[in-house]
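# An overview of the molecular structure
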Amino acid sequence: MNIGKQFKEGLITNNPVTVQLLGMCSTMAITTKMSNGVGMGLSVLIILTLSNIIIALLRKIIPDEVRIACFIVVIAGFVTMVDLSLQAFFPDIAASLGVFIPLIVVNCIILGRAEAFASKNSIGASAVDGVAQGLGYTLVLVILCAFREIFGSGTFSGHQIMPSGYVPAGILTMPVGGFLCLGALIAAMQWALGKSKAKAEEKGKEAAE
């Protein structure tokens with residue numbers, strides 16, 4: 001288990017949104033306010049980590065033929081717990097996120113990590129993977145929320161920060177704004193990764209010579 005490598009993958013080189021291109025529907029839909037992004041990000045992080053742990057614990061006794069159904073049952077249990085907790089302690093966030101919390105059950109990030117990682121690795125490694133991938137997802141949400149809320153509404157976390165004369169770019173708070181912002185973020189990440197890969201290959205060639 002290489003913790004540093006797992007966190008680097010989750011945050012940068014194998015980020016669930018900007019590299020794996022998973023969970024994009026909720027990413028575009030709820031990133032209009034910082035509270036939405038933080039609430040959704042932490043919910044996914046908690047559910048992903050706990051689901052990974054349980055699936056890794058049961059991986060040797062779950063029949064291969066019904067593994068996906070079993071994964072969904074485990075995930076659904078944790079989603080229900082988080083959904084009810086949000087409704088009880090953070091009703092405003094629960095109301096704002098709406099149906100997207102229950103839909104975490106079929107979020108490709110969580111099911112994908114269960115199938116690709118937790119079902120094949122130890123409990124410790126699966127827990128770290130859940131935290132790393134969850135933080136990577138949350139980071140993308142926070143970046144998009146900050147940009148869309150500041151420039152689309154003139155506020156940050158509900159507080160006015162732009163001058164009174166600022167005219168908000170309302171398109172950023174609309175679905176098309178989410179699509180454009182996410183597309184730009186993915187393009188920037190792919191450019192940065194491509195440039196880093198090219199430098200690494202160039203250094204490799206120089207070392208070989």
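In what follows, the structure referred to is the one given above.
Residue positions are counted from 1 within each chain, in the order its sequence is given. Where totals are concerned, whole chains, interfaces and linings use all residues; where local detail is concerned, this predicted model gives features only for residues with pLDDT of at least 70, and gives and counts side-chain atom pairs only at 80 or more. The side-chain numbers reported here are obtained from all heavy atoms of the structure, hydrogens and water having been left aside.

## Brief notes about the pattern of salt bridges
By definition, a salt bridge exists where a carboxyl oxygen of Asp or Glu is found within 4 Å of a side-chain nitrogen of Lys or Arg. Tallying each qualifying case throughout the model produces 3 salt bridges. A salt bridge links Asp-64 to Arg-67, with the nearest nitrogen and oxygen atoms 3.4 Å apart. Exposed residues in this analysis have more than 50% of their type's maximum accessible area, buried residues have under 20%, and partly exposed residues fall in between, with area computed by a 1.4 Å probe over protein chains only. Given a relative accessible area of 53%, Asp-64 falls into the exposed group. Put simply, Glu-115 and Arg-67 hold a salt bridge, and the shortest N to O gap is 3.0 Å.

## Thoughts on the side chain of Asn-52
Strands here are runs of E lasting at least two residues and helices are runs of H or I lasting at least four, both read from the DSSP assignment and numbered beginning at the N terminus. Locating Asn-52 in the fold gives a position in helix 3 (residues 34–58). The class of Asn-52 is buried, set by a relative accessible area of 0%. Every residue in contact with Asn-52, bar those within four places of it in the chain, is listed here: Arg-113, Ala-114, Ala-118, Ser-126, Asp-129 and Gly-130. Residues count as neighbours in contact if any of their non-hydrogen atoms are within 4.5 Å of one another.

## Structural notes on the layout of surface pockets
Here the largest pocket is characterised by a volume of approximately 170 Å³. Val-38, Gly-39, Leu-42, Ser-43, Ile-46, Val-82, Ser-85, Leu-86, Phe-89, Phe-90 and Ile-93 are the residues that line the largest pocket. Elements with a contribution of two residues or more to the lining of the largest pocket: helix 3 and helix 4 (67–89). The leading source of residues in the lining of the largest pocket is helix 3, at 5 residues. Put simply, Ala, Val, Leu, Ile, Met, Phe, Trp, Tyr, Cys and Pro go in the nonpolar bin, Asp, Glu, Lys and Arg in the charged bin, and everything else, Gly too, in the polar bin. By residue class, the composition of the lining of the largest pocket is 8 nonpolar, 3 polar and no charged. The definitions used throughout rest on a 1 Å grid laid over the protein atoms alone, on which a cavity is an enclosed set of points accommodating a 1.4 Å probe that cannot get out and a pocket is an open set flanked by protein within 12 Å on both sides along at least five of seven lines; lining residues are those having an atom within 4 Å of a point. Grid points are joined across faces, edges and corners, and a volume is the space filled by probe spheres set on the points.

## Digging into the packing of aromatic side chains
In this analysis, rings of Phe, Tyr and Trp, with Trp reduced to its six-membered ring, are considered paired at centre separations within 6.5 Å, and the interplanar angle assigns stacked below 30 degrees, edge-to-face beyond 60, and tilted for intermediate values. Applying the stated criterion across every chain yields a total of 1 aromatic pair. Pairing Phe-147 with Phe-151 gives two aromatic rings, centres 5.0 Å apart and planes at 50 degrees, and the pair type is tilted. A residue pair is termed a helical-turn pair when its members lie 3 or 4 positions apart in one helix, as Phe-147 and Phe-151 do in helix 7 (residues 123–153) at 4 residues. A residue is classified by how much of its surface remains accessible, and Phe-147, at 41% relative accessible area, is partly exposed. Phe-151 sits in the partly exposed class, given a relative accessible area of 34%.

## A closer look at unusual backbone geometry
In this structure, Leu-21 takes a positive phi of about 60 degrees despite not being glycine. Following the sequence through the fold, Leu-21 ends up in the loop between helix 1 (3–13) and helix 2 (24–30). Despite not being glycine, Ser-157 shows a phi value in the positive range, around 55 degrees. Structurally, Ser-157 is set in the loop between strand 1 (155–156) and strand 2 (159–160). Judged by relative accessible area, which is 40%, Ser-157 ranks as partly exposed.

## What about helix 4?
With 23 residues, helix 4 should cover 33 Å at 1.5 Å per step; its first-to-last C-alpha distance of 33 Å lies within 8% of that length. Contact partners of the buried residues in helix 4: helix 3, helix 5 (91–97) and helix 6 (108–118). By this rule the span expected of a helix is its residue count minus one, scaled by 1.5 Å.

## Let's talk about a nonpolar patch on the surface
There is a patch of nonpolar side chains on the surface, built from Ile-171, Met-174, Val-176, Phe-179 and Leu-180 and spanning about 480 Å² of accessible area. Take Phe-179: it is sitting in helix 8 (residues 175–208). Phe-179 gets classed as exposed once you look at its relative accessible area, which sits at 56%. Note that patches include only residues with greater than 30% relative accessible area and no salt bridge, and the join distances are 9 Å for like charges and 5 Å for nonpolar side chains (Val, Leu, Ile, Met, Phe, Trp, Tyr). Reported accessibility uses the Shrake-Rupley method at a 1.4 Å probe radius. Residues are deemed covered only where the shown protein chains occlude them.

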